[in-house]
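# Fold and geometry: a report
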Amino acid sequence: MIRLATTSDAKGIAQIYAPIVASTPISFEVVPPTETETAARIAAKLGHLPWLVCAQGDDLWGYAYASPHRERAAYQWSIDVSAYVHERRRRHGVGRALYTSLFALLRLQHYYTVYAGITLPNPGSVGLHEAMGFRPVGVYRSVGYKLGAWHDVGWWSLALRERAGEPLPLLSLADVQRDPAWETALSAGEPLLRP
């Protein structure tokens, strides 16, 4: 049920994301991306970073992905993560399952820390991230204006591995797909899904 996204998932992903963009401050995008734009985003990431979907057949329950934290070289072992769950599938363990698999893959790639930015207030997202072990880092006050108001964004972090000495070299997604641990990591979150 948890697998790598493909560009053919773009329609379902866009349908999950569109209402969040259009009617909430959760995403700071103001125009929902089209299916074509979503497919381009997926294609641009795959090969380098995981973009996962949780699906039963053609029914997409949610998705999660990783993106670079910052561009300068010393940041390369840090990564930002996001997860979105279809409104009908919330409170069924989908977010936790996707993150569990995503973090297992990021560990295989040798990332050290994941970060999540959350528009406040958002108790559901804060609860998910803290249940996954994230700890608060700080808050950007009134950093974004959307839907007629200024919004704060809180930042949370989670260490994926101990930081001591020289960091391990990062591996591409293609490299870790050849690792015997790939399938175990990809499916790590599936036991957390609830009907």
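Just so we're clear, the structure is a prediction, and the values are computed from it rather than from any experiment. (Residues numbered from 1 in each chain as written. Predicted model: local features only at pLDDT ≥ 70, side-chain atom pairs only at ≥ 80, totals over all residues. Heavy atoms only, no water.)

## Some details on the packing of helix 3 (residues 94-108) against helix 4 (residues 123-131)
Helix 4 packs onto helix 3 with a crossing angle of 40 degrees between their chain directions and a minimal axis gap of 10 Å. With respect to helix 4, the axis of helix 3 lies oblique. In this structure, the crossing between helix 3 and helix 4 has a hand that is right-handed. Across from Gly95, Arg96 and Tyr99 in helix 3, the residues of helix 4 making contact are Leu128, His129 and Ala131. Tallied by class, the residues present in the contact of helix 3 with helix 4 amount to 3 nonpolar, 2 polar and 1 charged. (Axes fitted to C-alpha atoms, helices over the stretch in contact; angles between N-to-C directions. Helix = DSSP H or I, 4+ residues; strand = E, 2+ residues; numbered from the N terminus. Parallel < 35°, antiparallel > 145°, perpendicular 65-115°, else oblique. Left-handed = near helix turned anticlockwise from the far one by under 90°. Contact = heavy atoms within 4.5 Å. Nonpolar A, V, L, I, M, F, W, Y, C, P; charged D, E, K, R; others polar.)

## Thoughts on unusual backbone geometry
The general pattern is negative phi for most residues beyond glycine and trans for most peptide bonds. With an omega dihedral of -5 degrees, the bond running from Leu120 to Pro121 counts as a cis peptide bond. By secondary structure assignment, the location of Pro121 is in the loop between strand 5 (113-120) and helix 4. Even without glycine at this site, Arg91 takes up a positive phi of about 70 degrees. Here Arg91 shows up in the loop between strand 4 (78-85) and helix 3. Positive phi, normally seen in glycine, also occurs at His110, with a value near 80 degrees. We classify His110 as buried; its relative accessible area is 17%. (Buried < 20%, exposed > 50% of the residue type's maximum accessible area, 1.4 Å probe, protein only.)

## Some points on the packing of aromatic side chains
In this structure the tally under the stated criterion is 10 aromatic pairs. Ring geometry for Trp51 against Tyr65: centres 4.6 Å apart, planes inclined by 20 degrees, an arrangement best described as stacked. Linking Trp51 in strand 2 (residues 51-56) with Tyr65 in strand 3 (residues 59-68), this pair joins segments that are 14 residues apart in sequence. Judged on exposure class, the residue Trp51 and its partner Tyr65 are both buried. With a centroid separation of 5.8 Å and 55 degrees between ring planes, the pair formed by Phe103 and Phe134 is classed as tilted. Placement of Phe103 in helix 3 and of Phe134 in the loop between helix 4 and strand 6 (135-146) is noted, with a sequence separation of 31 residues between them. Residue Phe134 is classed as buried on the basis of its relative accessible area of 0%. (Phe/Tyr/Trp six-rings, centres within 6.5 Å; stacked < 30°, edge-to-face > 60°.)

## Overview of a nonpolar patch on the surface
On the surface, a cluster of nonpolar side chains totalling about 270 Å² of accessible area is made up of Phe28, Tyr140 and Val143. Within the fold, Tyr140 resides in strand 6. Relative accessible area serves as the criterion here: at 42%, Tyr140 is assigned to the partly exposed category. (Patch = residues over 30% accessible without salt bridge, like charges linked within 9 Å, V, L, I, M, F, W, Y side chains within 5 Å. Areas by Shrake-Rupley, 256 points an atom, 1.4 Å probe, with all protein chains shown as cover. Salt bridge = Lys/Arg side-chain N within 4 Å of Asp/Glu carboxyl O.)

## Overview of the nonpolar core
One finds Val81, Leu102, Phe103, Leu106, Val114 and Phe134 to be the most contacted residues of the largest nonpolar core, which totals 37 residues. Here this core gets 10 residues from one element, more than from any other, and that element is helix 3. Those residues in contact with Val81 that sit more than four places away from it in its chain are Tyr65, Ala66, Tyr99, Leu102, Phe103, Leu106, Val114, Tyr115, Ala116 and Phe134. (Core = buried A, V, L, I, M, F, W, Y, C linked by side-chain atoms within 4.5 Å.)

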